[in-house]
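Coordinates in review
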Amino acid sequence: MRAWSHLAVLSMVCGCARTHAHPPVATHAVRDGLGRVVHVPFDPARLISLAPSSTEILFAIGAGEKVVAVDGYSDYPPEVRARQRIGSDLEPSLERIVALKPEIVFTATSANSEATVNALERLGIAVFVSRSGSLAEIFTDIAGIGDASNREREADALSQKMRAELDLIGARARTRPPVSAVVVVWPEPLTVAGAGSHVHELLQLAGGTNLAADSPQPFPTYSTERLLKRAPEVLIIGTHAQAAPPLATFERLTSIPAVQNHRVHLIDGDLLFRPGPRIIEGARQLEHLLHPELK
Amino acid sequence: MRGTPARVVAVTLGSLLILCVSLAAAFAFGVEHVDFRRAFSDPDSVDGVILFKERMTRGALAALVGAALSPAGVAFQALLRNPLADPYVLGVSGGAAVAGAAAIVLGGAAGFLGGWDLPVWAFFGALGAIAIVYAFGRVRGRLVPNVALLAGVVLNALASALVLAIRLLAEPNAAHEAMYWLTGNIGPVEPSKLVVLSVYVAVGVIGLFAMAVPMNALALGDESAHAVGIDTERSRRLIFLAASLLTGAAVAFAGPIGFVGIVVPHVLRGILGPDHRVLIPASALVGGAFVVIAHLLARLALLVVGRELTVGVLTALAGAPFFLWVLRRRGTERFF
């Protein structure tokens, strides 16, 4: 195995033909988020995650102890901090990944580049790519990651638990009139959650009406004039890396009901924007902010 | 030249009219329709907030930024006797970019000035770059244009390397924010910042206008300037200082917006001739109008999808082909 990986590195350095070494163990085929067929060992013991959302899913389905290394932005659950880090920028260290001899590397379109995926595959490493745009895709991801990491039943249980929670939140919200809202991803340039994102689905489910739903993109930049015209009752602003964005940008927009009624709220962006198991907590907090009278 | 004061007044008034018309257009048009009667009768209504807090503050910022960058471009072109000179050629934008990107990326650590972090850091970054260029641009105590120009080019190259390093090492969120600022943007701005910027712009433009006669002489070369009794060294220093202050202030509030300092001066020189007494006030007002219109177009370009471009992207997209067209029409004509 060691000699084989050295050979792979050598072939990459020389840019010669790809090495298609025969996998040492029996594999089975799984389908990743892009719909590609990936051949992975039946019970892989060494996993690497290069996306915070994949890391959270792996730990939530009990595959955490198999994770040998993660990317620099994976910060949840707390046990992740004990894992080795592979780069903290867009370009993970391929050398270090090869040296760790992973059986599967988990990546996500939201966190990694296609070049990284291709480079890893040229080295003969199985790469599972997650693509999360909608809630349905998050559930597909969980199932796929469970399938690949031999934690199928746990993945199934997690999905069922998440679905039940979302149903509960939805049922509660349907008893109340919907509250118009906009979820701000970035204050400047003003970037919001549009119709093409799971954030939109969570917002609608938690009893909100997404006023930015006319934008088909997941996270479009948005005109401040349009935000003023739409006049949301609640403004929800996602924080990033625990840094609170300046609220002064919104406080000057005094004609917006959310500003008048002090309903401009911060929410931990990782709960909302990271397509993993914690979107349930994100949905709960959304519900609470939209309908404080419930509970 | 007889009749110059009258010409200065006439051209200045004409330019002021252009600025007023463009500002009126920027207030009248936008992404959403505004009911002006309601805006004026109830400034707290949606229409009032859009007009007064959104369009007017950003329009004023656009006008001030253009009014700073265009005369600075005129001044640097005269000072360096180089038609390629723009307000950023002496490293001002590089210094501001490094300091501004650092302020964005350090965020909380640098955040003891509240909303003033970015402009203050960027302004002092610009001043730092100017001090370095000034120190290296002098030979035996005299500011030598070509040496200063080279020092500026090298400093800008160093700065872009530093900015790239900062962006690579920063959190993706901060890197994204820094990149956005570096494209040049007329963002939302508090009135207090507009007051500070307008003081800088007024002082800088008046300072350059006072140096218009020495600029005319310098553009012809040192011997000619000496012959008409101009202290070239002192003039250069003052022009350098005023133009740098203008550029630093503009970059601090709007990031490095390109092309304003090169397109507007060249077009105006083609129409009005080389007299800086006419060019400085005209370029301030028309430069303001240019950025106001560019900002309006940037807001409206992607109206269908409800999104906005940054003004820096638009000035480059519109400015570059326009400038090439001007070059083609003027052919090998002298620039000065």
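Residues numbered from 1 in each chain as written. Chains lettered and ligands numbered in written order. Predicted model: local features only at pLDDT ≥ 70, side-chain atom pairs only at ≥ 80, totals over all residues.

1. Overview of the overall build of chain A
Stated precisely, the cut-off is as follows: By definition, any uninterrupted DSSP run of H or I lasting at least four residues is a helix, any uninterrupted run of E lasting at least two residues is a strand, and each is numbered from the N terminus. Each residue is classed by its C-beta neighbour count within 10 Å, where at least 20 other C-beta atoms makes it buried, 12 or fewer makes it exposed, and intermediate counts make it partly exposed; the C-beta atoms are placed from backbone geometry. By the convention adopted here, residues make contact when the C-beta atoms placed from their backbones lie within 7 Å.
Each helix and strand in chain A was counted, giving 12 helices and 12 strands. Here chain A holds 295 residues, and the buried ones make up 44% of them. Sequence-distant contacts, at least 24 apart, represent 61% of the contacts inside chain A between residues at least 6 apart.

2. A short note on the domain arrangement of chain A
Residues and elements named next belong to chain A. Note the cut-off: For the purposes of this description, domain bounds are those given by an automatic or database domain assignment. Gly is put with the polar residues, along with every residue not named as nonpolar or charged; the nonpolar set is Ala, Val, Leu, Ile, Met, Phe, Trp, Tyr, Cys and Pro, and the charged set is Asp, Glu, Lys and Arg.
By domain assignment, chain A separates into domain 1 (2-158) and domain 2 (176-290). Listed per partner, the contact involves 13 residues of domain 1 and 12 residues of domain 2. Listing elements by their share of the side of domain 1 that touches domain 2, those giving two or more residues are helix H2 (52-60) and helix H5 (135-148). A per-element tally of the side of domain 1 that touches domain 2 places H2 first, with 5 residues. Of the residues that constitute the side of domain 1 that touches domain 2, the class distribution is 7 nonpolar, 5 polar and 1 charged.

3. Regarding helix H4 (residues 114-122) of chain A
Residue and element names in this part refer to chain A. Here is the rule we go by: The arc under discussion is defined with respect to the helix axis, by the directions toward the C-beta atoms.
The complete set of buried residues in H4 reads Thr116, Val117 and Leu120. All buried residues of H4 lie within an arc of 100° about the axis, which places them on one face of the element. Seen from the buried face of H4, the exposed residues on the opposite side, beyond 90 degrees, are Glu114, Ala115 and Asn118. Close packing links the buried residues of H4 with helix H3 (94-99), strand E6 (104-108) and strand E7 (126-130). Positioned one or two residues after H4, Gly124 has a phi angle of 80°, which is positive.

4. A closer look at the interface of chain B and chain A
Opposite the 22 residues of chain B that make contact, chain A presents 25 residues. Mapped onto the side of chain B that touches chain A, the elements with two or more residues apiece are helix H3 (46-80) and helix H7 (172-182) of chain B. At 5 residues, H3 of chain B tops the list of elements feeding residues into the side of chain B that touches chain A.

5. Regarding the pairing of E6 of chain A
All names here are of chain A. Just so we agree on the cut-off: For two strands to count as paired, DSSP must find a minimum of two bridges between them. If the strands point away from the viewer and the path from the first strand over the helix to the second runs clockwise, then the crossover is right-handed.
Most of E6 sits inside the fold, with 5 of its 5 residues counted as buried. Neither face of E6 is open: one carries Ile104, Phe106 and Ala108, the other Val105 and Thr107, and all of them are buried. Sheet topology places strand E3 (residues 47-49) next to E6; 3 bridges connect them, and they run parallel. Following the sheet pairing, Ile48 is matched in E6 by Val105. Two elements, E6 and E7, share 5 bridges in a ladder whose sense is parallel. Looking across to E7, one finds that Ile104 is bridged to Ala126. In terms of handedness, the path from E6 via H4 over to E7 forms a crossover that is right-handed.

6. Observations concerning the packing of helix H9 (residues 212-219) of chain B against helix H13 (residues 276-300) of chain B
Residues and elements named next belong to chain B. So the rule is basically this: Angles here are taken between N-to-C directions and fall from 0 to 180 degrees, while the axes themselves are lines fitted to C-alpha atoms, restricted in helices to the stretch in contact.
H13 packs onto H9 with a crossing angle of 115° between their chain directions and a minimal axis gap of 8 Å. Counted together, Ala212, Val213, Met215 and Asn216 of H9 and His276, Arg277 and Ile280 of H13 form the full contact between these two elements. Of the residues that constitute the contact of H9 with H13, the class distribution is 4 nonpolar, 2 polar and 1 charged.

7. A few points about the nonpolar core
We count it as follows: Any set of buried Ala, Val, Leu, Ile, Met, Phe, Trp, Tyr and Cys residues joined through C-beta atoms within 7 Å is what this text calls a nonpolar core.
Counting 104 residues, the largest nonpolar core has Val65, Ala68, Ala75, Ala249 and Val291 of chain B as the members making the most contacts within it. If you tally residues by element for this core, the top one is H3 of chain B, at 16 residues. Sequence-distant contacts of Ala75 of chain B, defined by excluding residues within four places in its chain, comprise Leu208, Met215, Ile239, Ala242 and Ala243 of chain B. Grouped together as the second largest cluster of nonpolar side chains are 82 residues, Ile61, Val129, Val184 and Val234 of chain A included.

8. So, helix H11 (residues 232-254) of chain B
Think of an α-helix as turning once every 3.6 residues; residues three or four places apart then point the same way. Test applied: Helix span, expected: 1.5 Å multiplied by one less than the number of residues in the helix.
For H11 of chain B, which comprises 23 residues, the first-to-last C-alpha distance of 33 Å matches the rise-based estimate of 33 Å (1.5 Å per residue) to within 8%. Note on H11 of chain B: the residue one or two positions beyond its end, Gly255 of chain B, has a positive phi of about 75°.

9. Quick notes on the sheet that holds E6 of chain A
Residue and element names in this part refer to chain A. Read across the open sheet, the 5 strands follow the order E5-E4-E3-E6-E7; overall the sheet is parallel. Either end of the sheet is taken by a strand with one partner, and the two such strands are strand E5 (84-85) and E7. Pairing analysis gives 3 bridges linking E3 to strand E4 (residues 67-70), with the strands arranged parallel. Each bridged residue has a counterpart across the sheet, and for Ser49 the counterpart in E4 is Val70. Against the sheet, H5 engages E6 and E7, with an angle of about 165° to E7.

10. Overview of the packing of helix H4 (residues 92-106) of chain B against H7 of chain B
All names here are of chain B. What counts is decided by this rule: With the far helix as reference, a near helix turned anticlockwise by less than a right angle produces a left-handed crossing, and one turned clockwise produces a right-handed crossing.
Contact geometry of H4 with H7 gives a least axis separation of 9 Å together with a crossing angle of 145°. Note on packing geometry: the crossing formed by H4 with H7 is right-handed. On H7, the residues touching Ala97, Gly100, Ala101, Ile104 and Val105 of H4 are Ala174, Glu177, Ala178, Trp181 and Leu182. Class assignment of the residues belonging to the contact of H4 with H7 gives a composition of 8 nonpolar, 1 polar and 1 charged.

11. With respect to the environment of Leu290 of chain A
Residues and elements named next belong to chain A. Summarising the element assignment, Leu290 is placed in helix H12 (residues 279-290). For Leu290, a count of 25 C-beta atoms within 10 Å puts it in the buried group. For the pair Leu290 and Gly207, spaced 83 residues apart in sequence, the C-alpha separation works out to 6.8 Å. Not counting residues within four places of it along the chain, the set of residues in contact with Leu290 comprises Val179, Ala181, Ala206, Gly207, Gly208 and Val234.

12. Focus on unusual backbone geometry
Residue and element names in this part refer to chain A. Cis geometry marks the peptide bond from Tyr76 to Pro77, where omega comes out at -5°. Assignment of secondary structure puts Pro77 in the loop between E4 and E5. At Asn150, a residue that is not glycine, the phi angle is positive and equals roughly 60°. Within the secondary structure layout, Asn150 lies in the loop between H5 and helix H6 (152-174). Accessibility expressed as a C-beta count within 10 Å gives 17 for Asn150, which makes it partly exposed.

13. Considering the environment of Gly95 of chain B
All names here are of chain B. One can find Gly95 in helix H4. In this structure the C-alpha to C-alpha distance between Gly95 and Leu302, which are 207 residues apart in sequence, comes to 32 Å. Among residues more than four places away in sequence, those in contact with Gly95 are Gly125, Ala126, Gly128, Ala129 and Ala159.

14. Looking at the environment of Ala45 of chain A
Secondary-structure assignment places Ala45 of chain A in the loop between strand E2 (37-41) and E3. If sequence neighbours within four positions are ignored, Ala45 of chain A has contacts with Lys66 and Glu103 of chain A.

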